[in-house]
Amino acid sequence: MLTIVVLAVLVVAFMFFSGVYTDVLWYNQVDFSEVFWTEIWTRAALFAIGGVLMGAAVWLSMWLAWRSRPRNVQSQTRDSLAQYQKQLEPMRRLVFIGIPVVIGFFAGSAAMNGWQDVLLFINQEPYGQVDPEFGLDYMFFMATLPFLGLIVGFLASVVLIAGIAGLLVHYLYGSIRVKEQGGIVIESPARIHLGVFVALFLLLQAGNYWLNRFRTLQSQDGNWAGAMYTDVNAVIPTSTILAVAAALVAILFIVTAITGKWRISLVGAAGLVIAAIVAGAAYPFLIQEYQVRPSEVTLEQDYINRNIEHTREAYGLADVESTDYAGATDAEPGSLAEEADNTENIRLMDPNLLSRTFGQLQQFRPYYAFPETLHVDRYDVEGESQDTIISVRDVNVDPASSWVNQHITYTHGYGMVAADASEVAAGGRPSFLLSGIPTSGVLGSDETYEPRIYFGMNSPSYSIVGAPEGAPERERDRPQDAASDQDTTYTFTGEGGPSVGGFFNQLVYAIKFGSTEILLSSDVNSESQILYDRSPLERVQKVAPYLTVDSNAYPAIVDGRVQWIVEGYTTSDKFPYSTAQQLDSATRDGLNTDATANLSGQVNYMRNSVKATVDAYDGSVNLYAWDEEDPLLKAWQKVYPTSLQPYSEMSAELMDHVRYPEDMFKVQRELLGRYHVTNPVDFYENNDAWSVPADPTQDDDTVKVPPYYMTLRMPGKDEPAFSLTSTYIPQLTQGAQQRNVLYGFLSANGDAGTGEDGQKAEGYGHIQLLELPRQTAIPGPGQAQANFDSNAQVSQELNLLRQGASEVINGNLITLPVADGILYVQPVYIQSTGPTSYPTLRRVLVSYGDEVGFASTLEEALDQVFGGDSGAQTADGADPEAEPGGEPGSQPEVPSTQSQQEQLGQALTDANEAIQASEEAMANGDWTAYGEAQTRLNDALSRALEADEAIRGEVTPDEGAEAPADGEQTEPPAEEGTEG
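This next bit is on the sheet that holds strand β23 (residues 621-625). Ordered by their spatial adjacency, five strands build an open sheet running β18-β19-β22-β23-β24, and the pairing between neighbours is mixed. Bordering the open sheet on either side are β18 (548-558) and β24 (644-646), each of which pairs with just one other strand. Adjacent strand axes in the sheet meet at a mean angle of 35 degrees when their direction is disregarded. Relative to β24, β23 runs parallel, the two sharing three bridges. The residue of β24 that forms the bridge with Y624 is Q645.

Our next topic: the packing of aromatic side chains. As enumerated under the stated definition, the model contains 44 aromatic pairs in all. For the pair F14 and F17, a centre-to-centre distance of 6.0 Å together with 40 degrees between the ring planes defines the contact as tilted. With F14 and F17 both in helix α1 (residues 2-30) and three residues apart, this pair spans about one turn of that helix. Residue classification places F14 among the partly exposed residues on the basis of a relative accessible area of 28%. Here F17 falls in the partly exposed class, since its relative accessible area comes to 37%. Consider the rings of W26 and Y27, whose centres lie 5.0 Å apart with planes at 80 degrees: the pair is edge-to-face. Y27 gets classed as buried once you look at its relative accessible area, which sits at 8%. When the ring centre of F683 is taken as origin, the NZ or CZ atom of R674, which lies over that ring, is 4.3 Å away. Positioned over the ring face of W626 is K760, at 4.2 Å from the centre of the ring.

This part is about the pairing of strand β33 (residues 840-848). Burial runs high along β33: nine of the nine residues are buried. Relative to β33, strand β32 (residues 821-831) runs antiparallel, the two sharing eight bridges. Counterpart to P827 in the pairing with β33 is V844. The antiparallel pairing of β33 with strand β34 (residues 851-855) creates a hairpin that spans two residues between the two strands, and G849 there sits at a positive phi of about 65 degrees.

Here we take up the confidence of the model for the chain. Of the residues in the chain, 91% have a pLDDT of 70 or more, and the chain-wide mean is 87. Low pLDDT, under 50, characterises residues 885-898; the predicted model gives this stretch 19 contacts beyond four residues in sequence or across chains. In the predicted structure, residues 954-980 sits below a pLDDT of 50 and forms 85 contacts with residues beyond four places in sequence or in another chain.

Further remarks concern the side chain of D618. On the secondary structure map, D618 appears in the loop between β22 (605-615) and β23. At 2.8 Å, the side chain of D618 and the side chain of S620 are in polar contact. Once residues lying within four places of it in the same chain are set aside, the contact partners of D618 are F455, F492, E495, G496, R539 and R561.

Before going further, it helps to examine the nonpolar core. One broad trend across soluble globular proteins is that nonpolar side chains are buried collectively. Among the nonpolar cores identified, the biggest contains 200 residues, and F358, M416, I464, L623, L823, V825 and V846 are the most heavily contacted of them. Contacts of V846, omitting those with residues within four sequence positions, involve F788, L823, Y824, V825, E851, V852, G853, L858, A861, L862 and V865.

Moving on: the packing of helix α2 (residues 33-67) against helix α6 (residues 115-122). Two numbers describe how α2 lies on α6: the axes approach to 10 Å, and their chain directions differ by 100 degrees. By the angle between their axes, α2 is roughly perpendicular relative to α6. Here T38, E39, T42, R43 and L46 of α2 come into contact with α6, specifically with W115, V118 and L119. Of the residues belonging to the contact of α2 with α6, the class tally is four nonpolar, two polar and two charged.

So, how was this worked out
- Residues numbered from 1 in each chain as written.
- Predicted model: local features only at pLDDT ≥ 70, side-chain atom pairs only at ≥ 80, totals over all residues.
- Heavy atoms only, no water.
- Pairing = 2+ DSSP bridges.
- Helix = DSSP H or I, 4+ residues; strand = E, 2+ residues; numbered from the N terminus.
- Axes fitted to C-alpha atoms, helices over the stretch in contact; angles between N-to-C directions.
- Phe/Tyr/Trp six-rings, centres within 6.5 Å; stacked < 30°, edge-to-face > 60°.
- Buried < 20%, exposed > 50% of the residue type's maximum accessible area, 1.4 Å probe, protein only.
- Lys NZ or Arg CZ within 6 Å of the ring centre and 35° of its normal.
- pLDDT = per-residue confidence, 0-100.
- Contact = heavy atoms within 4.5 Å.
- Polar contact = N/O pair within 3.5 Å; in protein donor to acceptor, adjacent residues only side chain to side chain.
- Core = buried A, V, L, I, M, F, W, Y, C linked by side-chain atoms within 4.5 Å.
- Parallel < 35°, antiparallel > 145°, perpendicular 65-115°, else oblique.
- Nonpolar A, V, L, I, M, F, W, Y, C, P; charged D, E, K, R; others polar.

Here it is, written out as structure tokens:
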């Protein structure tokens, strides 16, 4: 049995050691070992201090109680206690050592969890501003106060547990005993013990009362955060009184310990309890109910103003530019002639819908995949900045496949795919700027950047890569070209993970991942590396544990490498007078409905202090101190002096791809729904509160519309900027009907690049809020969507597009402030049934005021809205009506002898027959027949739409636009860089 126990202990110890050892290897490999060792040594020091302090206090308390036990034990204790003493005495030394050790272990484990508070306190930097109540620097509340609370709380636990342990020993050995006739006898040693420990506990309570004065400024109770009138005039003074009272009662217990007179100390303790109830609870309640509530707006006005100012400061909203916006609704011809910066950049390609399109046209192999939501960035194309939809072609490993396939063969994705965000290619497909295998396009080729994606959002949990020179290549790399059925192989050549070339490292990683194959596989060789923790978000979080990492990372081609760019935030929930936000609810929207994928926790201070990059090939991480004025970041830079680089080390190309952080913007827009109001009286009355509207493309009206990235020139600005935007509608009032009219438009400038290394653009991060007139009923996003859906022309044409089981999908509803009004643009996609179908853009919806346009191109739809000629310059590209290989606008022959009604009827009949033929072919698994039937269906729908438009007098038969195809591509038409 002893052998088994020893072996079990050794196994557990080795498993613990292997976990620490692999962490050391990982941090050394990514060159962030100081992060690991700083945390380890700080935790170890706190564990030792906390454990020794608790253990020593418990041991001393027990030992003193035993040492001062009555000598005539047998005569003064009951028989049952005497029996316990006899049983305890042979192993008393072991018990007196074991109990403090066990309690100390748990106390040390609890103490080491406060390592960040300790480091932040030791290395804190002043904020440079003081609170309005105590005149203390804000960092006192974010760094010093949490540390003092940690110390007081831990010492109170030590005193309480040690005191109880000593009292139990006193009772066991007879210093405290219950008389048979009733009553309790407390010997002098026990009395001194009790008096001293109660006094110490009360002194610590006095310290806690004193600290509570400052905590009122962090309070989230009541209607507004911070110390309000009742706090300042009742809670803070009574906390001071209670602190003094607790200290006085502590002195009384010391007197009792000396004199043995309990009455005065017990009376004092009772008085303290009564004072805590009356002064700590009843008095503030009475002040609030009978003094503040009847005159709340008058008495709370100054404190509400503090809350407004501090909340805006804490979330970086102090310098928001609020601008009155005209909110015009009349769509006059030529209104958009001066809006080329905006109309040329209207995003028609929806990154939330194009994943399947990218997959069908650019995936090529089942071991590749694209994320559900693509990314929006901008690149220089022929000297002009152009918004792009971009994604990596990530690896997609079947979890049911063999261990070799999962961890040796399929190790990486390949290449970037990018499409113009505003231009549409023939057939309603994306206009690719970078595509194919090998990748090529106007953004570059395999020769201009490293295309392999070893570190991504969909990478396997671990891969084993690398081999000696001349060894067979085991990694599946890519197809030889887009049309080839042969794949190339590859061997990783970078430094991406710790070595598993030796037996010991193989053993510890086999334990870490629970995989004996790592130890036994012949594919693991002397040059093997193991790549793990491969998500960019996870890597940044591990090397910067003091940061809150954004829930999304996006890729960019920077200096010949694919770099994941990750946003890092310094946060706190201790900022004075600032309203707290739940990150989960604030960041959840139509694109992030899964709570597990969102940020979590509560904060009342947030700064985008760090920009991080993760190399997609070798996983190397770089942290750049972006907000160098942030005092929290300054403190962490002192803790980790070599981990962060100044942003002046960022290249010009990296700067060009930095954008405004999405999760922080979501938190800011939630707050600005109320905190755009800076007058405390108006803020109190809440008469101009706003809400983020629901996403009109979602069925759930509780899901908020996501913010959108786009290049935009805001009113009053000279140059366009890549911005993150959102809208506001009036806040829903209980019992009132929701008014879905637009009240505000919010934009954050995300252009950081200047064309020079390490230079940040002055306008980056500038937030502008357009406030629309309340008396003008400008449609909000929900009302604009309703106007689209209820329009007779739109409804009729969409019903035609739905023929043949085709699905009509509304793309993102883009909101633009142009021509002194608000323009809504929504692309309309078509997707048919079938395993190879994908969405293609077929129509564009536009509205301005109450006018609605619906056409094949953005330019045509704008002209419909603005009196036949909007004057706009757009970047639509090819007519989506034109199928690949045909001329844009080409039309099927229509017998001229038929009337338009007859043509419509015949076309619908043909469409129904084609639908039936499609269903029969699908049921029989005859995909050739299915494709032919779909072609006939497309032709019939084209003729039906043309005849319908001619009947309504909008176009003549030879001017009509060809009807959209349904998006079905059983064999996607070949184009350059795509698979046939």
